[in-house]
Every structure is written in structure tokens, then in C-alpha cells.
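Observations on the three-dimensional arrangement
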Amino acid sequence: MSTDVILVDDEPDLLESARQSLELAGISVTCYSSAEKALAAFSPVHSTIFISDVRMPGMSGTELLDRALAIDPAVPVILITGHGDIPMAIQAIRDGAYDFIEKPFAPEQLLGSVRRALERRRLVVDNRALRDELSSRSALERSLVGKNPAIEKLRQRLTSFAATDADVLILGETGTGKEVVARNLHLLSPRAGGNFVAINCGALPETIIESELFGHEAGAFTGAVKARQGKFEFAHGGTLFLDEIESMPLEMQARLLRVLEERKIIRLGANKEIPIDVRVVAATKEELRGPVDRGVFREDLYYRLSVLNLVIPPLRNRKDDIPLLFENFLQNSAVRLKREVPRPNPAELALLIAHAWPGNVRELENVAMRFALGLGIEIAGLSEDNRAFNLDQATLHEQLAALEEMILRQSLARCQGSMKACYEQLGVSRKTLYDKLKKYGISADDLD
Ligand SMILES: Nc1ncnc2c1ncn2[C@@H]1O[C@H](COP(=O)(O)OP(=O)(O)OP(=O)(O)O)[C@@H](O)[C@H]1O
Ligand SMILES: [Mg+2]
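Residues numbered from 1 in each chain as written. Chains lettered and ligands numbered in written order. Predicted model: local features only at pLDDT ≥ 70, side-chain atom pairs only at ≥ 80, totals over all residues. Heavy atoms only, no water.

1. Points about the overall build of the chain
Across its full length, the chain holds 19 helices and 14 strands. Taken over the C-alpha trace, the chain has a radius of gyration of 29 Å; the compact-globule value for 448 residues is 22 Å, which it surpasses by more than 25%. Here the chain holds 448 residues, and the buried ones make up 46% of them. For the chain, the share of sequence-separated contacts (at least 6 apart) that also reach a separation of at least 24 residues comes to 68%. In the chain, 55 positive and 64 negative side-chain charges are present, and the distance between their average locations comes to 4 Å. (Helix = DSSP H or I, 4+ residues; strand = E, 2+ residues; numbered from the N terminus. Rg over C-alpha atoms; globule rule 2.2 N^0.38 Å. Buried < 20%, exposed > 50% of the residue type's maximum accessible area, 1.4 Å probe, protein only. Contact = heavy atoms within 4.5 Å. Lys, Arg positive; Asp, Glu negative; His and termini not counted. Charge placed at Lys NZ, Arg CZ, Asp CG, Glu CD.)

Structure representation (C-alpha cells):
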């Protein structure tokens, strides 16, 4: 049922006048003369609300309230009470009614209450749809959340690469999910039974990387008291994840290249070769072409690593996924905290969409965790920003602009980048759409 309001009253006159004033305001109404019939037409998937008179022959409005809440505890029910029936109305609010309106009432009074109830209802239904969607997904879709076409494509490529044994290079800015991608490559591969061993090439001093990767024999260097297995050996039969490969020292790059080609290692201080069966997955924050041109990355290693590439777009280029990702992190928080957590209202969502997310998904995850604790939307750096976009301080114009940007991005994603479908759906001219995309810096490239 696609009606906004289910209106129940046994008095035809009242039904008619309430219906007219709501419909004039663009709200669709379906009228019923009895509570029984109204309830039969309702189910929890509907983004509809109830307005009901209290005193009716047969089932009363308060009984309808109970039954409706039993079907869906989050459905707003507005009761219309007789003059002076305040104690009963207060009891109804305690029992879960959304609002009550005393007869006789002005049309605006009803309208204001209905608008607020509808907004709340839509949020609930939208969030449920998001939640259902999240819970019905595969392990890969649950850990690499996103409906944006670029992310869908990434998951497809990841799945097909996982089945091969070739080395893979992952490219993505900080916090975009490179490690998530690497782990999924491992888990979906025939090597899933082996170890996934991560090593951060940027965090280790040059002198340690070598023994970290290849291990050493006792006495190989000062301090090497006992022989030690390196990460390559530890990853034997599994996957070795070389994070921040762009910051690996040049000398190590040469040794790595040799290992990649020969699939054998020699521990420091040893001369015996050990055959190694690993798949190497490397990650970089920066296109390796740059470091190659600067002479800090070996070109031959670059070609060796970049046979199979997975590129993760920054979050600002897939803003339509922000609500879904945020909801996903809120749900994770709710599970961790073992309680319900707040949900963002449309203005707060607009705030999330407006931000550029230099820290990408990790930054969004942190903001979601604080939001789940009841701290509201706290985005670092926003206050220093001249265009500070804070709920309390943003002007109406700024809030509307953020909302407009969100709508454009969502609509483009829905239309899968088809401009024509998009401007038709939004009811604007082609030129208006292009102008607006330009205004918000949205390019069609962001969409695939
Ligand atoms: N698409 C996604 N869906 C759900 N969670 C995600 C997604 N992308 C990233 N995350 C989460 O965001 C956080 C950062 O991801 P990850 O550590 O994989 O990023 P990274 O690219 O390796 O970052 P860095 O470059 O800083 O090492 C993690 O908690 C991860 O679970
Ligand atoms: Mg990482």
C-alpha cells in the first residue's frame, strides 16, 4: 500500500474534511470507517501512519493503537480525542500513541503532527530496509559494504582474482579498506586454510625488514640469539600481505623481486634455500608510477606486482554509500554495546554526505562509533574549516545544499550514471542537472 496516512473515523463528515486538508498538502490518504478494516490493510513494510478517532462503534481508537503497535511497534498513531478527554489522551501517549489532537482542531494542527510522524516513519522504514539488506549479505558483502557500482565491481574482481594464485596489487588512499580487501582475497582463495600474514613495510626500520621477512639463524647479527622464522615462511601455504609497499627501501625491493621470481628464501646468516609457497598481496596508498619516476621504486618490481590490480575509490567518490556504511557501523556498535544506538536524522545524514572524508571509511567508522555513544556527529577538522558545517550553525542554505548534493548522488547511483534517467526522475532540465553536478563537483566518473 502506498498511502501516507490511514485515516479511521466513523463520522463521514470528519473523515472527508481531514482527508481534504491532508490531500491539499500533498499527503495521500486512505479512509476507513472502522478500525478492523484499517488494520487489515496495514503491514510493517508500509511507510504509512494512522490517524484515528477514539470513540467509534466496534473497535475503539485505543484498541486500534494496541493492535497497530502489536503489528509494528514503531508505527506512529495519532488519536483524535473528544473535547476534554485529556486524561485518556495522556494515557494513550503512555501506551505508545505518537500524538493526540483534541476536537475541534484546525487543519494546520493536524498537518503539523502528520508531517512529523511521516518523517519519523520514513526514517524507521528506510533504516529497516538498510538493515535487512545488510543482514542478507554474504561474508564478502558484509565486510566490504557498499552498493556503489565501483564497489560492486571491486567485489566481483576480488572474487575472481581470489580463485587464481597470481599476486595482486591493491591501490587505495588511507582508510579505504585495503586490508579488508587483502583479507578477503585470502579467505576466498584456496589458501584460506593457511596463514594470512601482514607486514607493514613503512613501519619497520630498514635493518629489521629483512629479518622480519626472511628470518634469521642464531648469530646472524648482534642480538640474534635464537634462530627465527620470517614472515615468508610463516605465510607458507597462505597469503603474505605487504602493506605500504611504496615505502619499502630500494635494497629490499631487489631482494623481494628475487623471491617473487624464484619462490625461495634464504634466512639471514644461512645459505640453505627454503622453497616458499605464498601468494603475495601488496598494497599502496599511491600510484606506484610516481615513486618509479622519482627513482625510489624499482620499475621491474612495479611491473611484477601490478599484473592484477584492485583499485579502491576514495569515499568522497562514492558518497551514495555513506548512509549504508554508517548504518553498518552503527549496527556493529549496537552489537558491541549490547543496546540500541541512536540513528541519524536527515540533517545529520546530510552533514555526513557533505564532508569530504580525507580519512575515508576508517574516519567514517570512528564518527559512527562516537555517534553510537550518543555524542552526535563529531567530524574532526570541521570547526577549523571556514565552511564549518555544524548542525546548529549551518545556515538553511548550507543545509539545503548538503541535502541537494545527497539527493543528486543517490539519484545518479540509482540511475546507474544515466544522466537522462536522472534528470527525468528529478524533474529538472538537462542543463539544470549538469549545472548542479558541476556546482557540487560530482563527475560522472565518480559513478563507475
Ligand atoms: N567497504 C567497507 N565496508 C565495511 N567496512 C569497511 C569498508 N572499507 C573499510 N572498512 C573498515 O574501515 C577500516 C579501515 O579499513 P582498512 O584498515 O582495510 O583500510 P586501509 O586502506 O588498509 O587503511 P590504511 O591505508 O590506513 O592502512 C576498517 O575498520 C575496515 O573494517
Ligand atoms: Mg591498512
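2. Thoughts on the pattern of salt bridges
Enumeration over the complete set of coordinates arrives at 33 salt bridges. In this structure, the salt-bridge partner of Lys-431 is Asp-435, at a minimum N-O distance of 2.6 Å. A residue pair is termed a helical-turn pair when its members lie 3 or 4 positions apart in one helix, as Lys-431 and Asp-435 do in helix 19 (residues 430-439) at four residues. Via salt bridges that share partners, Glu-11, Asp-53 and Lys-103 belong to a single interconnected network. (Salt bridge = Lys/Arg side-chain N within 4 Å of Asp/Glu carboxyl O.)

3. Describing the domain arrangement of the chain
When the domains of the chain are assigned, the result is domain 1 (5-135), domain 2 (142-313) and domain 3 (316-447). Each of domain 1 and domain 3 was reduced to a C-alpha centroid, and the two centroids are 31 Å apart. Contacts between the two partners involve seven residues from domain 1 and, on the opposite side, nine residues from domain 3. Inspection of the region where domain 1 meets domain 3 yields zero salt bridges. Where domain 1 meets domain 3, there are zero residue pairs in polar contact (both at pLDDT 80 or more). (Domains from an automatic or database assignment. Polar contact = N/O pair within 3.5 Å; in protein donor to acceptor, adjacent residues only side chain to side chain.)

4. Describing the site of ligand 1
Neighbouring ligand 1 are 17 residues, the closest being Val-145, Gly-175, Lys-178, Arg-362 and Glu-365. At 2.5 Å from an oxygen atom of ligand 1 is found a side-chain nitrogen or oxygen belonging to Lys-178. The contact in question runs from an oxygen atom of ligand 1 to an N or O atom on the side chain of Arg-362, over 2.9 Å. About the coverage of ligand 1: the protein hides 84% of its 640 Å² of free accessible area. Broken down by secondary-structure element, the contributors of at least two residues to the shell around ligand 1 are helix 8 (178-187), helix 14 (322-337) and helix 16 (360-372). (Near = heavy atom within 4 Å. Areas by Shrake-Rupley, 256 points an atom, 1.4 Å probe, with all protein chains shown as cover.)

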